[in-house]
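Now for the letters of each chain:
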Amino acid sequence: MATFTPNDMRRSMDALRRPLRLTRLGMAAERAVQTLWPLMTVLLLVLAALMLGLHESLPLEVVWLGMALAALGVLGALAFAVLRLRLPSREEALERLDASLPGRPIRALLDDAAIGQADPASMAVWRAHKQRMAERTATARPVPADLRVARRDPYALRYVAVLAFMVALVFGSVWRVGTVAGMAPGGAGTLAEGPVWEGWAEPPRYTGKPTLYLNDLDEGDLYLPEGTLITLRLYGEVGALDVNQSVSGRAEVPAEDAAPRTAHDFTVLQNGEIAVSGPGGRSWNVVMLPDAAPHVEVVGPPQVEALGEMRLPFAARDDYGVEAGEARITLDLVSVDRRYGLTVDPEPRPEIVVPLPTPITGSRDQFEENLIADFSKHPWANLPVTVSLSVLDAAEQSGMAPPAEMVLPGRRFFDPLAAAVIEMRRDLLWSRTNAARMSQVLRAVSWRPEEIFRNQTTALRMRKLIDRLEVHARYGIAEDVQEDLAEDLWSLAIELEEGVLADALERMRRAQDRLSEAMKNGATDEEIAELMDELRRATEEYMRQLQRQQAQERQGGDPQQQGQQGETMQMTQDDLQRMMDRIQELMEQGRMAEAEQALKELQQLMENMRVTEGQPGQNGQNPGEQAMEGLSETLREQQGLSDQAFRDLQEQFNPGANAGESQGNEGRNGGQGRGQSHEGQNGQGQGQGQADGRNQPGENGQPGAEPSEGDLADRQQALREELDRQQSELPGQGTAEGEAARDALDRAGRAMDDAEQSLRQGDLPGAIDDQAQAMEALREGIRSLGEAMAQQEQERQPGQGTVESDRRADARDPLGREQGGNGNSSSDGPLALDEDGYDRARRLLDEIRRRSGETDRPEVERDYLNRLLDRF
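Think of each chain on its own: its residues are numbered from 1, step by step along the sequence as written. Where totals are concerned, whole chains, interfaces and linings use all residues; where local detail is concerned, this predicted model gives features only for residues with pLDDT of at least 70, and gives and counts side-chain atom pairs only at 80 or more. Excluded from the side-chain calculations are hydrogens and water; all other atoms, namely the structure's heavy atoms, are used.

**Describing the overall build of the chain**
Right, so step 1: Helix and strand assignments follow DSSP, with helices taken as H or I runs no shorter than four residues and strands as E runs no shorter than two, numbered in order from the N terminus. Helices and strands together make up the secondary structure of the chain, namely 25 helices and 19 strands.
Right, so step 2: Partly exposed residues are those whose accessible area sits between 20% and 50% of the maximum for their type, while under 20% is buried and over 50% is exposed, using a 1.4 Å probe and protein chains only. Within the chain, buried positions represent 40% of all 872 residues.
Right, so step 3: Contacts: residue pairs with any heavy atoms within 4.5 Å of one another. For the chain, contacts bridging at least 24 residues in sequence account for 70% of all contacts bridging at least 6.
Right, so step 4: Here, Shrake-Rupley sampling with a 1.4 Å probe gives the accessible areas, and only protein chains in the shown set may cover a residue. When the accessible surface of the chain is split by element, carbon and sulfur atoms take 52% of a total near 47500 Å².

Dropping the structure here:
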């Protein structure tokens, strides 16, 4: 075993020199901080007070008292530092370093054996112990200094001093420290050696211009914005310096017995001169930059959306930026056609005040915006008004645009009865004295309810409203009753205009009637586009209903219906699209007579048509095809649930964001209620509105309420149970493809269970992820099931592969996808991989791109085409 020699002892101690030196320096810094912090605190506080110029604004007696206290504080802190400050010795540093090591190895190295020196065994143990201690000593590192003084400064006075000093550096001046000498006897003569005055020019904050230090500016022209604050401070002998200025617009006449001022503050309101007279004085010729008033103007006529929303473009500008603005709308009573219910004097109403929108980001010096508002429910809707725009800048200057005369935009009603109800509502809000006349008019227009009302519920609502009007007209109408009646009349007019029809054919007829009335009443392009969109949705819904009805008739085995299959008129979706595009084109060209004739032809065709179906003999479905169709429907319903969950998630973070998109963003079948399947143009959506828990139209066909997470969870559970039923009837058992389909559907079921649990817990993001996994598993299961069916078909009919492939090729849609057994195109099957399918898909995509780039097409159609391009 190696022995520990004196040379080893020296080498171990030499290795401690560097950590010992650094530890000693750290102890010195630690003691310096602990003893000198009071002195540094007092010095920083004194310097901050002098740099901020407190000695110039306080009375002389207070200044002398403060100086005496500061001197006492400095002496006391210095005495505390001298008495407490002790430099650490080598032994103290060695002790601290030794205490930082386990077992205090340094002290062990310096020790000698007290007993057993004559015993070789004892000394061998002792040398081995020292060897271990030497190895520990080799790991010694400098001990960090403890510079914390929180226990000695419980009130954090050192931080107060540092903060005051930083404030003085930013807002004060080091030059002010030298002015203390002038306060001592005989010290005035030394002021000539440094600045004897200081000045600053601070422009208004909204100009964004920096503060100027006047001592750094040469004499001459000085350009300053209007409202700039001038601050001048005079130091030294009182009366030696004086300030003269003519930029503030006020004359300063000092009193005879008043002492000369040492501080001057004034605002630049006009061109003039600023002069500091006396030793080292200076003068400037100030040129004021005026702050112009803001300007606003209407840059175009108001644009009106189909449902009455107004968009009024305007432009505003200001040299330093517009702060706010508003639009004031007043009734132009002189221009009102005072007939019928408007003959009486109107009840006084306050003018409409609407804030003008301003840019959220960017410059407000010059911008263009749109005032967007919907005044359809206001009593002045569709009446002459005067619109006045005004804006305000940061200096509270205002600018106004010339009053613009216009008809206040509001929603137009094309149903004659709805238009009459809206007119009566306007008369009620115009003056409550019109109540008696209103009840008579409403009784007259609803005289034969069976001829003008489409359902008895609406007729009953009208009757009850008339009764309420007559009662209140007899005993007086209060303001709250007036508002309630107006709201009921509005909802009745909406019901009459849009209808609450559950039957698809009636909805289509309703849309055709509204479009026909719009042609007669000269509707705008936006209103025509909205009505055409409504007609397209109603027509598509009618075609889906007709297809479902035909499928049920075939499943019921009606021989008479099947015998008439070949004699009915056939029309594809493309035919309908071309006819409606032609109608819209004629209306946009102003050829209303031709458009109305085309609309009548379309109406006759729709009421007598049968949509294109498969050839007779191809409508039978085997169990595999039925399973494929059922799983495809389950996939569409799962997609609808996922879409609804996503809309609910958007509504949580941006309430009301989906209000304007409820029609445009719900797919081709969005009119059937949210949460339903979003199908393509040829998608049929069998089994919609069944017991899967989706939103169904409410009573009288009104759309159901927006579903909550609980409703979505119930619908997800129902869909999961439907998938279990489909799995129990799944064909292809015993084959690899069939087992793969079952495994995929098991994964889909587990993902549905997770989605249901997430929905019940209110975790919409998690539910959307689980639903995406369920849809992917469903698609994989459908593909595997199709492969299993194809294999079974080949095993049963090995010699008929050509005939079967020909039959399936004939049943493909233009995109190369196999159609369902009832003639409907399946949107879930894979695209055919033949070259013709790719060519057709490419041509179709090119045609969509071409149409989306045609600016003469309606904006609604181009938005739809752009959504298709974004998707595919």
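**Side note on the sheet that holds strand E2 (residues 212-213)**
Right, so step 1: Reading across the sheet, the four strands line up as E2-E1-E4-E6 and stay open at both edges, with antiparallel pairing between neighbours. Either end of the sheet is taken by a strand with one partner, and the two such strands are E2 and strand E6 (263-267). Two strands pair if DSSP finds at least two bridges between them.

**Here's the deal with the sheet that holds strand E7 (residues 272-277)**
Right, so step 1: Judged by pairing direction, the sheet is mixed, and its four strands sit side by side in the order E3-E8-E7-E5 without closing on themselves. Two strands bound the open sheet, and with one partner strand each, they are strand E3 (220-225) and strand E5 (242-245). With strand direction ignored, the average angle separating the axes of adjacent strands in the sheet is 25°. Helix axes use the C-alpha atoms of the stretch in contact, all axes being lines fitted to C-alpha atoms, and the angles between their N-to-C directions lie in the range 0 to 180 degrees.

**Points about the environment of Asp374**
Right, so step 1: Here Asp374 lies in strand E14 (residues 366-374).
Right, so step 2: Spatially, the C-alpha atom of Asp374 lies 8.7 Å from that of Leu307, the residues being 67 residues apart in sequence.
Right, so step 3: Apart from the residues lying within four places of it in its own chain, the contact partners of Asp374 are Leu307, Gly308 and Glu309.
Right, so step 4: Within the local environment of Asp374, its side chain forms a polar contact with the side chain of Ser376, the two groups lying 2.6 Å apart. We call two N or O atoms a polar contact when they sit within 3.5 Å, provided that within protein one can donate a hydrogen and the other can accept it, with sequence-adjacent residues counted only if both atoms are side-chain atoms.

**Side note on a nonpolar patch on the surface**
Right, so step 1: On the surface, a cluster of nonpolar side chains totalling about 990 Å² of accessible area is made up of Leu52, Leu54, Leu58, Val62, Val162, Leu163, Met166, Val167, Leu169, Val170 and Phe171.
Right, so step 2: Here Leu54 shows up in helix H3 (residues 54-57).
Right, so step 3: Given a relative accessible area of 39%, Leu54 falls into the partly exposed group. Here the term patch refers to residues with relative accessible area over 30% and no salt bridge, with like charges joined within 9 Å and nonpolar side chains (Val, Leu, Ile, Met, Phe, Trp, Tyr) within 5 Å. Whenever Lys or Arg places a side-chain nitrogen within 4 Å of a carboxyl oxygen from Asp or Glu, that contact is recorded as a salt bridge.

**Side note on unusual backbone geometry**
Right, so step 1: Positive phi, close to 45°, is recorded for Arg104, a residue that is not glycine.
Right, so step 2: Mapped onto the fold, Arg104 is located in the loop between helix H5 (90-99) and helix H6 (105-110).

**Side note on the packing of aromatic side chains**
Right, so step 1: Here a Phe, Tyr or Trp ring, Trp counted by its six-membered ring, pairs with any other such ring whose centre lies within 6.5 Å, and the pair is stacked when the planes are under 30 degrees apart, edge-to-face when over 60, and tilted otherwise. All told, the structure shown has five aromatic pairs when counted by the stated rule.
Right, so step 2: Relative to Tyr320, the ring of Tyr206 lies with its centre 5.8 Å away and its plane at 70°, an arrangement referred to as edge-to-face. Pair noted here: Tyr206 is in the loop between strand E1 (197-202) and E2 and Tyr320 is in the loop between strand E11 (309-317) and strand E12 (322-331), with a separation of 114 residues, a long-range link.
Right, so step 3: As a reminder, the over-ring test applies to NZ of lysine and CZ of arginine, requiring each to be within 6 Å of the ring centre and within 35 degrees of the ring normal. For the cation-ring pair, Arg158 lies above Tyr159, with the distance from its terminal atom to the ring centre recorded as 4.3 Å.
Right, so step 4: Across the ring face of Phe413, the terminal group of Arg411 is positioned such that the distance to the ring centre comes to 5.2 Å.

**Regarding the packing of helix H12 (residues 456-475) against helix H13 (residues 479-498)**
Right, so step 1: Axis separation between H12 and H13 bottoms out at 11 Å; the angle between their running directions is 160°. What the angle tells us is that H12 and H13 run roughly antiparallel. Considering how the two elements wind past one another, H12 and H13 form a crossing that is left-handed. When H12 is examined against H13, the residues Thr458, Arg461, Met462, Leu465, Arg468, Leu469 and His472 are found in contact with a partner set consisting of Val481, Asp484, Leu485, Asp488, Leu489, Ser491, Leu492, Glu495 and Leu496.
Right, so step 2: Each residue gets one of three labels, nonpolar for Ala, Val, Leu, Ile, Met, Phe, Trp, Tyr, Cys and Pro, charged for Asp, Glu, Lys and Arg, and polar for the others, Gly among them. Taken together, the residues that form the contact of H12 with H13 break down as eight nonpolar, three polar and five charged. Roughly parallel here means an angle under 35 degrees, roughly antiparallel means over 145, roughly perpendicular means 65 to 115, and every remaining angle is called oblique. It is the rotation of the near helix from the far one that decides the hand of a crossing: anticlockwise by less than a right angle makes it left-handed, clockwise makes it right-handed.

**Some points on the nonpolar core**
Right, so step 1: Working definition of a nonpolar core: buried Ala, Val, Leu, Ile, Met, Phe, Trp, Tyr and Cys residues. They are joined through side-chain atoms within 4.5 Å. Within the largest apolar cluster, 29 residues are counted, with the highest numbers of intra-cluster contacts made by Leu371, Phe375, Val385 and Leu389.
Right, so step 2: Discounting chain neighbours no more than four positions away, the residues touching Leu371 are Met310, Arg311, Leu312, Phe314, Ala327, Val354, Pro355, Leu356 and Pro357.
Right, so step 3: Counting residues in hydrophobic clusters, the runner-up holds 27 residues, among them Leu723, Leu745, Leu778 and Ile782.

**Concerning the environment of Leu110**
Right, so step 1: Topologically, Leu110 is positioned in helix H6.
Right, so step 2: When the C-alpha atoms of Leu110 and Met13 are compared, they prove to be 9.4 Å apart, with 97 residues separating the residues in sequence.
Right, so step 3: If we skip the residues at most four places from it in the chain, Leu110 touches Met9, Met13 and Leu94.

**Considerations on the pattern of salt bridges**
Right, so step 1: A complete count under the given rule lists 29 salt bridges for this structure.
Right, so step 2: The closest approach of N and O atoms between Glu487 and Lys377, which form a salt bridge, is 3.0 Å. Of this pair, Glu487 sits in helix H13 while Lys377 sits in the loop between E14 and strand E15 (384-393), and the two are 110 residues apart along the sequence.
Right, so step 3: In this structure, Asp753 and Arg720 form a salt bridge, with 3.2 Å as the shortest nitrogen-oxygen distance. Taken together, the residues span a long stretch of sequence, with Asp753 in helix H21 (residues 736-760) and Arg720 in helix H20 (residues 709-728) at a distance of 33 residues.
Right, so step 4: Within this structure, Glu423, Arg426, Asp427 and Arg437 form a network of salt bridges that share partners.

**Comments concerning the packing of helix H9 (residues 416-430) against helix H10 (residues 435-445)**
Right, so step 1: Where H9 contacts H10, the two axes come as close as 10 Å, and the packing angle between them is 175°. It follows from the interaxial angle that H9 and H10 lie roughly antiparallel. Along its contact with H9, which presents Leu417, Val421, Met424, Asp427 and Leu428, the element H10 presents Arg437, Met438, Val441, Leu442 and Val445.
Right, so step 2: Considered class by class, the residues forming the contact of H9 with H10 number eight nonpolar, no polar and two charged.

**A short note on the pairing of E15**
Right, so step 1: Where burial is concerned, most of E15 is hidden: nine out of the 10 residues are buried.
Right, so step 2: Two elements, E12 and E15, share nine bridges in a ladder whose sense is antiparallel. Its bridge partner lying in E15, Arg328 is registered against Ser388.
Right, so step 3: In this structure, the hairpin formed by E15 and strand E16 (residues 398-400) is closed by a connection of four residues, where Glu396 is found at a positive phi of approximately 60°.

**A word on helix H8 (residues 157-171)**
Right, so step 1: Between its first and last C-alpha, H8 extends 21 Å over 15 residues, near the 21 Å set by a 1.5 Å rise per residue.
Right, so step 2: Listed in full, the buried residues belonging to H8 are Arg158, Ala161 and Ala168. Each buried residue of H8 sits inside an arc of 85° when the element is viewed along its axis, so together they form one side. Away from its buried face by more than 90 degrees, H8 exposes Tyr159, Leu163, Val170 and Phe171.
Right, so step 3: On its buried face, H8 is in contact with helix H2 (17-51). By definition here, a helix of n residues has an expected span of 1.5 Å times n minus one. The directions from the helix axis to the C-beta atoms are what the arc is built from.

**Here's the deal with the confidence of the model for the chain**
Right, so step 1: Confidence scores per residue from the predictor, reported as pLDDT, run from 0 to 100. On average, residues of the chain carry a pLDDT of 76, and 76% of them reach 70 or more.
Right, so step 2: Of all the helices and strands in the chain, helix H23 (residues 801-810) carries the lowest mean pLDDT, 42, while E15 carries the highest, 94.
Right, so step 3: Contacts for the low-pLDDT stretch residues 610-620, under 50 throughout, to residues beyond four places or in other chains number 27 contacts.
Right, so step 4: Confidence drops under a pLDDT of 50 for residues 657-706, and excluding neighbours within four residues, the segment shows 123 contacts in the predicted structure.

**Thoughts on the environment of Gly321**
Right, so step 1: Among the secondary structure elements, Gly321 is positioned in the loop between E11 and E12.
Right, so step 2: For the pair formed by Gly321 and Asp365, sequence separation is 44 residues and the distance between their alpha carbons is 4.1 Å.
Right, so step 3: Beyond its immediate chain neighbours, meaning those up to four positions away, Gly321 contacts Arg364, Asp365, Asp393 and Ala394.

**Observations regarding H5**
Right, so step 1: Among all positions of H5, only Ala93, Leu94, Leu97 and Asp98 are buried. Considered in projection along H5, the buried side chains sweep an arc of 135° and stay on one side of the axis.
Right, so step 2: Buried residues belonging to H5 abut H2 and H6.

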